[in-house]
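# Examination of the molecular architecture
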Amino acid sequence: MTTDLRDHLRAEFRWTDPGEGYLVSDRSGWWRSPAILAGLGDGLADLFRADRPTVVVSPEVTGFLVGPLVARALGVGFVEAYRAGARLPIAEPMTWAEVPSDHRGKKQQLGVRSHLIAPHDRVLVVDDWSATGAQARALRSLFPHNYVGTAVIVNECPPPVTAELNLRALLTAADIDPD
Ligand SMILES: O=P(O)(O)OC[C@H]1O[C@H](OP(=O)(O)OP(=O)(O)O)[C@H](O)[C@@H]1O
């Protein structure tokens, strides 16, 4: 099944050329595909099932789409990690982490509602993509003793970052190479 899922992910991914000297990823075909949507939760969950996560945490906004699929596949709950300044302030107490510099070189803050992660929780971070590992590293810093690893669809991080963050992925950069 995972081989099928990987094939579908490769087939439905596009690079878009906005004409400004760089390509941008178009991941919308993944969500539009019934086969991918049906298989993605289990596909990503299987990367960490043996580690027995008890909760999934994902950064907005695409993580809010992928994370719940994985949580459902694992039979656990889901916690949103919000980007500071992206919306009206959240009323409940939050714990914030600095995101030193993401793949666009922009500083950000990611926060979760403080009461949602318990001391015994085993936290799996889920996202669609890891470019530099900045989101995963920031989230790990919020619960360093609870962090199990990060599951993503595409991992572009170099091996030392992949190992440091225990990143596991369905595709590598080579799978979606535009050349
Ligand atoms: O490994 P990093 O360097 O942290 O980069 C990975 C992040 O980049 C993308 O988010 P993007 O900023 O494109 O926002 P999106 O969630 O709105 O797609 C992706 O969804 C990850 O959250």
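Let me begin by describing the structure that accompanies this report. Since we're looking at a predicted model, the values are computed, not measured. Numbers given to residues run from 1 along each chain, matching the order in which its sequence is written. Reporting in this predicted model follows two pLDDT cut-offs: at least 70 for local features of residues, and 80 or more for side-chain atom pairs to be given and counted; totals over whole chains, interfaces and linings ignore these cut-offs and use all residues. Here the side-chain values reflect all heavy atoms present in the structure, with hydrogen atoms and water set aside.

### Some remarks on the sheet that holds strand β6 (residues 108–113)
DSSP bridges decide pairing: two strands pair if at least two such bridges lie between them. By the criteria applied, helices consist of DSSP H or I runs no shorter than four residues and strands consist of E runs no shorter than two, each listed in order from the N terminus. Sheet architecture is open: 7 strands sit in the order β5-β6-β4-β3-β7-β8-β9, paired in mixed fashion. Only two strands of the sheet have a single neighbouring strand rather than two, namely β5 (94–99) and β9 (167–172). Averaged over all pairs of adjacent strands, the angle between their axes in this sheet comes to 25°, without regard to strand direction. Across 6 bridges, the pairing between β5 and β6 is antiparallel. Of the residues in β6, the one forming a bridge with Glu98 is Gln109. The strands that helix α5 (residues 134–142) touches are β3 (55–59), β4 (77–83), β5, β6, β7 (123–130) and β8 (147–155); relative to β5, the one it contacts most, it runs at about 140°. Between N-to-C directions, angles cover 0 to 180 degrees, with each direction set by a line fitted to C-alpha atoms, over the stretch in contact for helices. The contact criterion used is simple: two residues touch if any of their non-hydrogen atoms lie within 4.5 Å.

### Section: the site of the ligand
Proximity is defined per residue: if any heavy atom of the residue lies within 4 Å of a molecule or strand, that residue is considered near it. Looking at the ligand, there are 17 residues lining it, with Val61, Asp127, Asp128, Ala131 and Thr132 nearest. One nitrogen or oxygen atom from the main chain of Ala131 is found 2.7 Å from an oxygen atom belonging to the ligand. Considered on its own, the ligand offers 490 Å² of accessible surface; in the complex 91% of this is hidden by protein. Examining the composition of the shell around the ligand, we find that 4 residues originate from one element, β7, more than from any other. Nitrogen and oxygen atoms within 3.5 Å of one another constitute a polar contact, given that in protein one can donate a hydrogen and the other can accept it, and given that sequence-neighbouring residues count only through two side-chain atoms. Using a 1.4 Å probe, the Shrake-Rupley method yields the accessible areas, and only the shown protein chains count as cover for residues.

### Considering the nonpolar core
Trp30, Leu44, Val70 and Ile153 are the most contacted members of the largest nonpolar core, which totals 26 residues. Contributions of two or more residues to this core are made by α1 (2–12), α2 (28–32), α3 (34–45), α4 (63–74), β7, β8 and β9. Ignoring sequence-local partners within four residues, the contact set of Val70 consists of Gly41, Leu44, Ala45, Val56, Leu124 and Val126. Only buried Ala, Val, Leu, Ile, Met, Phe, Trp, Tyr and Cys residues count toward a nonpolar core, and they belong to the same one when joined by side-chain atoms within 4.5 Å. Three exposure classes are used, based on accessible area relative to the maximum for each residue type with a 1.4 Å probe and protein chains only: buried under 20%, partly exposed in between, and exposed over 50%. Listed in part, the 22 residues of the second largest apolar core include Ala81, Ala134, Cys157 and Val161.

### Things to note about the packing of α3 against α4
Two elements in contact, α3 and α4, have axes separated by 8 Å at closest approach and are oriented at 70°. It follows from the interaxial angle that α3 and α4 lie roughly perpendicular. Seen from above, α3 lies across α4 with right-handed handedness. Listed contacts from α4 to Leu37, Leu40, Gly41, Asp42, Leu44 and Ala45 of α3 are Val66, Leu69, Val70, Ala73 and Leu74. When its residues are assigned to classes, the contact of α3 with α4 shows 9 nonpolar, 1 polar and 1 charged. With respect to orientation, any angle under 35 degrees is reported as roughly parallel, any angle over 145 as roughly antiparallel, any angle of 65 to 115 as roughly perpendicular, and every other angle as oblique. Definitions for this section: a left-handed crossing has its near helix turned counterclockwise from the far helix by less than a right angle. A right-handed crossing has that turn clockwise. Residue polarity follows a fixed list, in which Ala, Val, Leu, Ile, Met, Phe, Trp, Tyr, Cys and Pro are nonpolar, Asp, Glu, Lys and Arg are charged, and the others, Gly among them, are polar.

On their own, these measurements won't tell you what the molecule is for.
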